[in-house]
Amino acid sequence: MKNKSFKDILISNAVPIIFLVLSAAAIPLSGFTTSYLIQEMVTRMGRNCFLVLSLLIPIAAGMGLNFGMVLGAMGGQIAIILVTDWNIVGMQGLLLAAMISTPISLALGWLTGEILNRAKGREMVTSFMLGFFMNGVYQFIVLYGFGMVIPVENHAMLLSRGFGIRNAINLQGVRQVLDKFLMVDIGPIHVPMAAFIVIALFCLFILWFNRTKLGQDMRAVGQDMAVAKSAGIAVDRTRIIAIIISTVLAGYGQIIFLQNIGTMNTYNAHEQAGIFAIASLLIGGATVSRATITNVFVGVMLFHLMFVVSPMAGKTLMGQAQLGEYFRVFVSYGIIALALVLHALRRRMDKERERQSLRGGDAPAPANGH
Amino acid sequence: MTQEPLLRMEHIGKEYFGNRVLADVNLTLQRGEILGLVGENGAGKTTLMKILFGMPVIKETGGYEGKMYLDGKEVNFDSPFDALDGGIGMVHQEFSLIPGFSTTENIMLNREFTCYSPLVELFGERLQTLNRPAMRQRAAKAIDTLGVRVDPDMLIQEMPVGHRQFTEIAREIDRESTKLLVLDEPTAVLTESEAAILVKALRKLADSGIAIIFISHRLQEILDLCDKILVLRDGMVIKEAPTKGTEIRQIASWMVGRTVEDKKQDDAVRVCLEPILRVDHLWVDMPGETVRDVSFDVCRGEIFGIGGLAGQGKLGIANGIMGLFAAGGAVTWKGKALKLNDPHGALEAGMAFVSEDRRGVGLLLDEPIDWNIAFTAMQVQGRCLKSLLGGLIQWRDDVAMASLAQEYIDALGIKCVSSRQRAVELSGGNQQKVCLAKAFAVGPELLFVAEPTRGIDVGAKKLVLDTIRETNRHKGTTVVMISSELEELRSICDRIAIVDEGRLAGMLSATASVEDFGLLMLGAGKGPEVAAGVR
């Protein structure tokens with residue numbers, strides 16, 4: 001373990017390396033200046049890291065990539081719709097949105113946890129489907145509930161028929177509140193320091209959490225549920241807590257994301273949040289069963305670098321920016337599929353290696369030769 | 001000793017669904033004493049330990065008879081957690097360790113030392129942070145008590161098997177209340193030198209006052225380690241004796257020595273004509289039945305038996321050759337190399353397999369008898385199929401299937417309403433006959449039969465065995481029969497190989513004495529006189 005060969009390092013970091021190479025090729029083609037790219041990366045890191053970090057805890061608890069974070073994002077969006085309608089602006093608006101999203105995400109996280117406990121070993125696909133189902137519920141609430149049951153004062157937010165929220169809403173009141181709260185200029189680059197402080201606090205939280213009894217229990221549950229159970233750890237409860245923490249934090253993450261963008265795509269934002277966050281994490285070199293804070297930062301950076309440069313690179317190469325646009329979507333889904341395939345391959349290789357030890361010492365070398 | 005014994009079990013009995021597995025077992029154990037518990041599979045060792053440990057399965061199946069006293073107080077544990085609190089530690093055969101955790105983390109699993117943090121007031125105890133230095137110290141102390149060298153910071157997945165076993169034992173003795181330690185086959189996965197260290201460590205533990213129940217089928221270890229032995233057979237205590245002055249041979253005969261039934265019916269000496277199947281260094285990755293390195297020949301026209309205790313790999317041999325589990329090594333069938341990991345190829349080559357997993361692999365439970373019997377023949381040999389358009393389209397020939405099925409229903413005396421009855425509705429014995437019929441329908445030259453009499457009643461057992469012998473005698477089918485029941489093997493086989501820990505322990509003629517078989521099964525008889533039969 002101490003002296004990993006160069007080849008091992010290459011193999012275990014195959015995904016980030018591929019992306020680094022692709023980006024390195026695309027940057028000169030795109031023609032962007034360095035300072036522009038750095039500014040973009042800084043802005044996007046501040047916008048997205050929190051969301052991606054919210055995925056770490058369930059992975060440690062052995063529940064894979066939590067597509068259930070989409071539910072948390074829904075909670076954040078409902079909260080931000082309400083705050084915008086009530087016209088509570090600035091930091092107060094943002095904090096209130098976070099407070100409103102907490103109980104919603106908590107309930108949704110508990111629901112997800114209960115369901116995932118009934119689908120052990122199939123958490124990813126179950127949470128993915130659950131996301132689709134809850135999307136229907138969300139649409140029902142936002143499309144019919146708002147204006148019919150939940151009073152909406154600001155008629156500019158409603159569809160012309162008098163109920164239901166518009167496709168896109170303007171988040172004037174909370175736009176970039178967190179970013180501008182403590183904007184520091186380093187040379188030509190504007191750094192949204194407050195957002196980074198929040199992210200740093202989150203990282204500290206994760207580091208601290210890993211050292212708690214609960215964190216230790218989660219890692220035990222993640223590695224072997226049966227053993228953890230026989231040691232007296234409340235497995236189901238621990239898993240539910242992991243998902244709840246992730247969902248609540250995903251809700252905050254979505255609020256941070258939306259305040260940076262300044263507008264909200266009412267019916268799609270949460271879905272994109274899930275897919276893009278998971279793709280970023282995987283690009284950062286995480287696997288279904290192991291992810292670190294480093295994976296988050298590397299992943300968000302590489303993913304968004306690709307995001308920014310690929311349309312322009314596409315335009316230079318092929319004469320059309322659409323190619324890059326197409327490339328983004330292709331990459332997001334492709335990378336998730338690739339990561340899952342790599343995970344399965346690695347498991348098979350491990351199994352094969354275990355088999356080696358079964359053989360008697362003097363077994364003939366070719367399996368079937370004679 | 002006049003002192004009250006640490007553990008006293010009195011008149012313990014247990015029935016599973018009217019099937020008696022333990023009767024009137026008495027056991028006493030003093031502080032610091034080591035008891036060796038031996039017996040064949042199914043002798044009742046595991047059940048006895050389950051009762052002691054309060055496993056839920058005991059309660060669910062109607063509890064047990066008799067009384068248990070720990071430290072003179074009557075106890076009746078509701079769950080393994082109660083037993084742990086009562087001071088009984090158990091080290092299981094399969095490891096219950098977290099692979100990605102260090103030795104320390106595993107020893108202290110769910111008993112971690114923690115530090116106070118103010119968040120506890122808000123969110124509860126689990127938000128205390130771990131006190132790693134204290135945990136490490138404590139773990140090191142537990143390892144020290146054992147007198148072995150294990151790195152407290154090493155990850156379980158990176159350490160040799162022996163160290164994992166020590167970690168597991170260290171975890172049990174770390175509980176301050178542990179007074180009695182039960183070890184179920186702790187040396188099964190260890191190398192000899194590791195086992196020797198373990199034996200020494202256990203001795204040291206016993207000297208510190210902890211009583212130990214040691215289950216093993218390696219009799220030499222039992223003799224080296226234990227103060228006394230308790231031999232169980234068919235749920236009863238056969239013998240309780242101090243190990244001093246006892247010999248392995250005696251123990252083996254106590255364990256297997258049931259009255260020998262009538263000998264084989266036709267004792268014509270059969271000569272091995274030519275090897276039809278040659279197995280070289282076969283390994284099979286079958287969970288729970290791992291085969292490590294097995295080589296043997298099967299002669300044309302013989303009934304070759306493979307015996308051994310459960311979990312030693314005898315089932316893996318047949319499943320591996322038939323391609324049901326990943327396997328390697330070389331298998332030569334009639335002079336040609338057989339492709340492994342290819343069930344279709346094995347069937348096509350003229351082998352058939354009656355699986356030990358009758359309801360899972362053996363039968364299509366929800367389909368009628370005729371489908372079941374014709375299924376393999378249809379899939380592999382294209383029998384019972386009608387061809388249309390020069391073979392472009394094929395479909396089932398129901399008439400041919402029904403007549404094929406009827407032929408076997410009559411020949412084997414399968415009790416059923418008609419050949420259209422669903423397999424799931426048949427009794428165990430009749431299901432087994434359907435499995436046999438399915439294998440016979442292929443017309444195999446070599447038939448593997450695994451545990452053919454498991455779970456069927458006595459009358460049906462005889463019929464099944466007679467059918468197998470009949471096929472061998474009259475159709476000339478070579479048979480490889482795998483069974484846990486030695487008597488059964490001895491009654492119909494010509495030669496019997498005994499598998500132990502995934503390797504052949506030896507090969508004996510069916511007429512050899514029960515004692516010799518017993519020694520082989522227990523891995524104690526690797527002398528030159530028995531090794532002669534192994535290539």
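Scroll up a little and you will see the structure.
Per chain, residue numbering runs from 1 following the sequence as it is written. Lettering of chains starts at A and numbering of ligands starts at 1, both following the order in which they are written. Local features are withheld for residues below a pLDDT of 70 in this predicted model, meaning they are given only at 70 or higher, and side-chain atom pairs are given and counted only at 80 or more; totals for whole chains, interfaces and linings count all residues. Processing note: side-chain calculations cover all non-hydrogen atoms of the structure and skip hydrogens and water entirely.

Below, the discussion takes up the pairing of strand S12 (residues 236-242) of chain B. When strand S11 (residues 228-233) of chain B meets S12(B), the two strands line up antiparallel, connected through six bridges. Paired with Ile229(B) across the two strands is Ala241(B), which belongs to S12(B). Strand pairing is defined by DSSP finding a minimum of two bridges between the two strands. Helix and strand definitions follow DSSP, with helices as H or I runs of at least four residues and strands as E runs of at least two, each counted in order from the N terminus.

Time to look at the sheet that holds strand S9 (residues 180-184) of chain B. Whether parallel or antiparallel, the strands of a sheet pair through hydrogen bonds between backbone atoms. All names here are of chain B. Strand order in this open sheet of six strands is S6-S9-S10-S3-S11-S12, and the pairing throughout is mixed. Edge positions in the sheet fall to strand S6 (88-91) and S12, since each has one partner strand and no second. Neighbour-to-neighbour, the strand axes of the sheet open up by a mean angle of 20 degrees, direction not taken into account. By definition, residues are in contact when any of their heavy atoms lie within 4.5 Å. Only the stretch in contact is used when fitting a helix axis, every axis being a line fitted to C-alpha atoms; angles between N-to-C directions are given from 0 to 180 degrees. Here helix H7 (residues 161-174) sits on the sheet and contacts S6 and S9; the angle it forms with S6, its principal contact strand, is near 170 degrees. Those strands touched by helix H8 (residues 192-207) are strand S3 (34-38), S9 and strand S10 (211-215), and its axis lies near 150 degrees from that of S10.

You'll often see interface size given as the accessible area lost when the parts meet. Counting from both sides, the interface comprises 36 residues of chain A and, opposite them, 39 residues of chain B. A quick way to say it: buried area is the sum, across both parts, of accessible area lost when two parts are put together, with a 1.4 Å probe. Where chain A abuts chain B, roughly 3200 Å² becomes buried across the two surfaces, and 57% of that area is made up of carbon and sulfur atoms. The term salt bridge refers to a side-chain nitrogen of Lys or Arg lying within 4 Å of a carboxyl oxygen of Asp or Glu. Seen at the junction of chain A and chain B, the total is three salt bridges. Here Arg126(B) and Asp217(A) are joined by a salt bridge, their closest N and O atoms 3.2 Å apart. Nitrogen and oxygen atoms within 3.5 Å of one another constitute a polar contact, given that in protein one can donate a hydrogen and the other can accept it, and given that sequence-neighbouring residues count only through two side-chain atoms. The interface formed by chain A and chain B holds 14 residue pairs in polar contact (both at pLDDT 80 or more) in total. Looking at the side of chain A that touches chain B, the elements with two or more residues in it are helix H9 (193-210), helix H10 (213-223), helix H11 (225-230), helix H12 (235-261) and helix H15 (322-356) of chain A.

The nonpolar side chains of a soluble globular protein tend to be buried with one another. To qualify as a nonpolar core, a set must consist of buried Ala, Val, Leu, Ile, Met, Phe, Trp, Tyr and Cys residues joined through side-chain atoms within 4.5 Å. Relative accessibility under 20% of the residue-type maximum defines a buried residue, over 50% an exposed one, and the middle range a partly exposed one, all with a 1.4 Å probe and only protein chains included. One finds Leu146(B), Leu181(B), Leu205(B), Ile212(B), Phe214(B), Ile251(B) and Ile373(B) to be the most contacted residues of the largest nonpolar core, which totals 100 residues. In contact with Leu146(B), other than residues within four places in its own chain, are Phe166(B), Ile169(B), Ala170(B), Ile173(B), Ala201(B), Lys204(B) and Leu205(B). Grouped together as the second largest cluster of nonpolar side chains are 91 residues, Met124(A), Val177(A), Cys203(A) and Ile245(A) included.

Further remarks concern the sheet that holds strand S2 (residues 19-29) of chain B. Residue and element names in this part refer to chain B. Read across the sheet, four strands follow the order S2-S1-S4-S5 without closing on themselves; strand pairing throughout is antiparallel. The open sheet is flanked by S2 and strand S5 (73-75), the only strands paired with a single partner. Neighbour to neighbour, the strand axes of the sheet diverge by 30 degrees on average, direction disregarded. Looking at chain direction, strand S1 (residues 7-16) and S2 are connected through seven bridges and run antiparallel. What sits directly across from Leu 7, in S2, is Leu 29. Sheet contacts for helix H1 (residues 45-53): S1, S2 and strand S4 (65-70); angle to S1, the most-contacted strand, approximately 115 degrees.

Residues and elements named next belong to chain A. Here helix H5 (residues 69-86) crosses helix H7 (residues 123-148) at 15 degrees, and the two axes come no closer than 10 Å. One element, H5, and the other, H7, form an angle in the roughly parallel class. Crossing angle aside, the handedness with which H5 passes H7 is right-handed. Contacts between H5 and H7 involve Leu 71, Met 74, Gln 77, Ile 78, Ile 81 and Leu 82 from the former and Leu 130, Gly 131, Met 134, Asn 135, Tyr 138, Val 142 and Phe 146 from the latter. When residues are sorted by character, Ala, Val, Leu, Ile, Met, Phe, Trp, Tyr, Cys and Pro go into the nonpolar class, Asp, Glu, Lys and Arg into the charged class, and all the rest, Gly among them, into the polar class. Of the residues in the contact of H5 with H7, the class split is ten nonpolar, three polar and no charged. To sort the angles, those under 35 degrees are grouped as roughly parallel, those over 145 as roughly antiparallel, those from 65 to 115 as roughly perpendicular, and the leftovers as oblique. Handedness of a crossing is defined here by the sense of rotation of the near helix relative to the far one, left-handed for an anticlockwise turn of less than a right angle and right-handed for a clockwise turn.

Right, let's get into unusual backbone geometry. Of note in this structure, Asn87(A) is not a glycine but carries a positive phi near 60 degrees. On the secondary structure map, Asn87(A) appears in the loop between H5 and helix H6 (90-117). With a phi angle near 40 degrees, Glu451(B) is a residue other than glycine that sits in the positive phi range. Locating Glu451(B) in the fold gives a position in the loop between strand S21 (446-450) and helix H17 (458-475). Judged by relative accessible area, which is 5%, Glu451(B) ranks as buried.

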